[in-house]
Amino acid sequence: MNGALVPTGADIDLAPVLDRRVTVLGSTGSVGTATLDVVRFARTHYGPDSFPLEAITAQKNVNLLAAQAREFRPRTAVIGEASLRMALTDALFGTGIEVLAGKDAILEAASHPSDMVMSAIVGTAGLAPTLAALQRGAIVAVANKECIVAAGEVFRRAADNCQGVLIPVDSEHNAAFQLLDFAQAHAIEKLTLTASGGPFRTWSLDRMASATPEQAVSHPNWSMGAKISVDSATLMNKGLELIEAHILFGLPPEKLDVIIHAQSAVHCLVAYADGSVLGHLSAPDMKTPIAYALGWPRRIASPSRRLDFAEFTQLTFEKPDLARFPCLQLARVCLQMGGAAPTILNAANEVAVEQFLGRRIGFLGIARTVERTLSALAREMSGRTPETLEEVLALDGATRARAREASGVAAA
Ligand SMILES: NC(=O)c1ccc[n+]([C@@H]2O[C@H](COP(=O)([O-])OP(=O)(O)OC[C@H]3O[C@@H](n4cnc5c(N)ncnc54)[C@H](OP(=O)(O)O)[C@@H]3O)[C@@H](O)[C@H]2O)c1
């Protein structure tokens, strides 16, 4: 900056980040489409060659995937559901875009060289591709918190043994990544993740007992996929995020906290030993953390909504009510236990949310299912940390079977 009296550094050249070849895993989801919105904006703002796409992937939304491929021109488009191969091939006829199909093809797309991978598949399905991308040395923008929670130790070992880096995309962790001064880790007193409180923030337990999937997925501030929306309604999302923060940033459980902040303007607070508290604010729009991750370590322009402070009459903060939101407490216990507990928690929760969305259990049955599964398995597994992808997937599978049984009891 010209004319400044303080040290400001040199002008930044954005070319190295705008030239990055990007793979988007889960391009048809909420984070995936927001990522392509940021890419579209960059191509308009900086030039049409910005962020050339290597591959985009979806599970079954073949129409949106084909439309994205036609607009963004990736080298490869991948549909996870193998029976949809012909539909995608027909839709992309004459474009020259390679079509792949099946679960292995998603892993292949993640493994194929590109500079950056957006990990935006939902749930444990994203685990193997995200790990493969990290291991081959990509910059991995990780939105998929389930894979980090389920396989923390596996990611830790992989990160130690490869050139790849993980950049958090979850808004709170992205905010924390921007706020944490890792060079002065000794001075970090507390990292506080904010939670909106979800659609049932003010509901009684009695009222929550009859909450429908439609009510649970209509989040007051964020527009997200169904699974994470239900997790936000139970506050399991914040519990998973505590574990994610512990794994990503190496902070001990006692330095991690959660506070309810209904306006979703402040995403994270970091308190330092000198009494300073640094906060990160932005509008609740995933395009901000996505742009930060795509541009890291530079900052690029994003089409995200902007905060208008004149619109706020107040910013409120309150303690979470663990009696009404037991999932947060279950996650805290798993964070303390470590070992296999987070893997079990995550798999049990994925099953419970699926059962709730399928109307096979009620809203309060989610916590009951997770709790029953944890008490059945966590003691059995105590002291055993899954250390390889195979061990994580085996435990994930065994937990799912138990959770299905437990959800039958929860439904009864
Ligand atoms: N949404 C947010 O604002 C937000 C914020 C922070 C973190 N996250 C995290 O980001 C991840 C994605 O969330 P989302 O809300 O974007 O989810 P979403 O809208 O449900 O999208 C999920 C994406 O994954 C694909 N997919 C689903 N099942 C798959 C499978 N078995 N194998 C391969 N691909 C599969 C979907 O393809 P189809 O469309 O073809 O089904 C879609 O592209 C989650 O881990 C979530 O916790 C999301």
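Coordinates for the structure precede this section.
In this report, the structure presented in the accompanying data block is examined. Note on numbering: residues in each chain are counted from 1, in written sequence order. Confidence filtering applies because this is a predicted model: local features only for residues at pLDDT of at least 70, side-chain atom pairs given and counted only at 80 or more, and all residues used for totals across whole chains, interfaces and linings. The basis for the side-chain values is all heavy atoms of the structure; hydrogens and waters are excluded.

1. Re the site of the ligand
One heavy atom within 4 Å of a molecule or strand makes the whole residue count as near it. Near the ligand lie 24 residues; those nearest to it are Thr 28, Lys 60, Asn 61, Glu 146 and Gly 225. Pairs of N or O atoms within 3.5 Å make up the polar contacts considered here, provided that, within protein, one atom can donate a hydrogen while the other can accept it, and that residues adjacent in sequence are counted only when both atoms are side-chain atoms. Ser 30 places a polar main-chain atom, nitrogen or oxygen, 2.9 Å from an oxygen atom of the ligand. Within the backbone of Gly 225, a nitrogen or oxygen atom sits 2.8 Å from an oxygen atom of the ligand. All accessible-area figures derive from a Shrake-Rupley calculation using a 1.4 Å probe, and residue coverage is judged against the displayed protein chains alone. Protein contacts shield 85% of the accessible area of the ligand, which totals 890 Å² for the unbound molecule. Strands are runs of DSSP state E lasting at least two residues, helices are runs of H or I lasting at least four, and both sets are numbered from the N terminus onward. Those elements giving two or more residues to the shell around the ligand turn out to be helix 2 (30-45) and helix 7 (145-150).

2. Regarding the packing of aromatic side chains
Centres within 6.5 Å make a pair out of two Phe, Tyr or Trp rings, where for Trp the six-membered ring is used; the pair is then stacked when the planes are under 30 degrees apart, edge-to-face when over 60, and tilted otherwise. Using the criterion set out here, one finds 7 aromatic pairs in the structure. Look at Phe 177 and Tyr 292: their rings are 6.4 Å apart centre to centre, the planes differ by 80°, and that puts the pair in the edge-to-face class. A residue pair is termed long-range when its members are at least 10 positions apart, and Phe 177 in helix 9 (residues 171-179) and Tyr 292 in helix 14 (residues 287-295) qualify at 115 residues. On the numbers, 4.3 Å between centres and 40° between planes, the contact of Phe 200 with Trp 203 is tilted. On the basis of relative accessible area, Phe 200 is assigned to the buried category, the value being 0%. Each member of the aromatic cluster is reached from another via a ring pair, and the members are Phe 177, Phe 182, Phe 249 and Tyr 292. A simple rule labels every residue: compare its accessible area, found with a 1.4 Å probe on the protein chains alone, to the largest value its type can have, and call it buried under 20%, exposed over 50%, or partly exposed in between.

3. A word on helix 6 (residues 127-135)
Taken across its 9 residues, helix 6 has 7 buried, putting it largely inside the fold. Within the sequence span of helix 6, burial applies to Leu 127, Pro 129, Thr 130, Leu 131, Ala 132, Ala 133 and Leu 134. Looking one or two residues beyond helix 6, the residue adopting positive phi is Gly 137, at roughly 100°.

4. With respect to the pattern of salt bridges
Salt bridge, as used here, is a side-chain nitrogen of Lys or Arg placed within 4 Å of a carboxyl oxygen of Asp or Glu. Counted according to the given criterion, the structure contains 24 salt bridges. Residue Arg 156 is joined to Glu 153 by a salt bridge in which the shortest nitrogen-to-oxygen separation is 2.9 Å. Placement of the pair is Arg 156 and Glu 153 together in helix 8 (residues 152-160), with a separation of 3 residues, close to one helical turn. It is possible to trace a salt-bridge network through shared partners that takes in Lys 145, Asp 170, Glu 172, Lys 238 and Glu 241.

5. Here's the deal with the packing of helix 5 (residues 103-111) against helix 6
Between helix 5 and helix 6, the shortest axis-to-axis distance is 8 Å and the interhelical angle comes to 20°. In terms of orientation, helix 5 lies roughly parallel with respect to helix 6. The two elements helix 5 and helix 6 meet at a crossing, and its hand is right-handed. The residues of helix 6 that touch helix 5, namely those facing Ile 106, Leu 107, Ala 110 and Ser 111, are Ala 128, Pro 129, Ala 132 and Ala 133. Here the axes come from fitting lines to C-alpha atoms, over the contacting stretch only for helices, and the angles between their N-to-C directions go from 0 to 180 degrees. The labels follow the angle: roughly parallel below 35 degrees, roughly antiparallel above 145, roughly perpendicular from 65 to 115, and oblique for the rest. Note on convention: near helix rotated counterclockwise from far helix by under a right angle means a left-handed crossing. Clockwise means right-handed. In what follows, residue pairs with any heavy atoms lying within 4.5 Å of each other are defined as contacts.

6. Remarks on the packing of helix 13 (residues 236-249) against helix 16 (residues 341-357)
The contact between helix 13 and helix 16 brings their axes to 11 Å, and the two run at 155°. As far as their axial angle goes, helix 16 and helix 13 are roughly antiparallel. Regarding helix 13 and helix 16, the two cross each other, and that crossing is left-handed. Contacts from Met 236, Leu 240 and Ile 243 of helix 13 reach helix 16 at Pro 342, Leu 345, Asn 346 and Asn 349.

7. Things to note about the pairing of strand 9 (residues 256-260)
Only one face of strand 9 is covered, namely the face carrying Leu 256, Val 258 and Ile 260; the face carrying Asp 257 and Ile 259 is uncovered. For two strands to be treated as a pair, DSSP must find no fewer than two bridges joining them. Where strand 8 (residues 188-195) lies against strand 9, 5 bridges are found, and the strand directions are parallel. Bridged to Ala 195 within strand 9 is Ile 260.

8. What about the pairing of strand 11 (residues 277-281)?
As defined by bridge partners, strand 10 (residues 266-272) adjoins strand 11 across 5 bridges and the pair is classed as antiparallel. Pairing of Val 266 across the sheet is with Leu 281, part of strand 11. Connecting strand 10 to the next strand, strand 11, in antiparallel fashion are 4 residues, including Gly 275 with a positive phi near 95°.

9. Considering the side chain of Thr 28
For Thr 28, the position within the fold is in the loop between strand 1 (22-25) and helix 2. Overall, the relative accessible area of 18% leaves Thr 28 in the buried class.

10. Some words on the sheet that holds strand 9
Read from one edge of the open sheet, 4 strands run 9-8-10-11, paired in mixed fashion. In this open sheet, the two edge strands, each paired with only one partner strand, are strand 9 and strand 11. Within this sheet the neighbouring strands show an average axis-to-axis angle of 20°, counted without direction. In the sheet, strand 8 pairs with strand 10 via 5 bridges, with the strands oriented antiparallel. The residue of strand 10 that forms the bridge with Ile 188 is Tyr 272. Lying over the sheet, helix 9 contacts strand 8, strand 10 and strand 11, oriented at roughly 35° with respect to strand 10. Along the sheet, helix 13 makes contact with strand 8 and strand 9, crossing strand 8 at roughly 145°.

That's the geometry; what it means functionally is another story.
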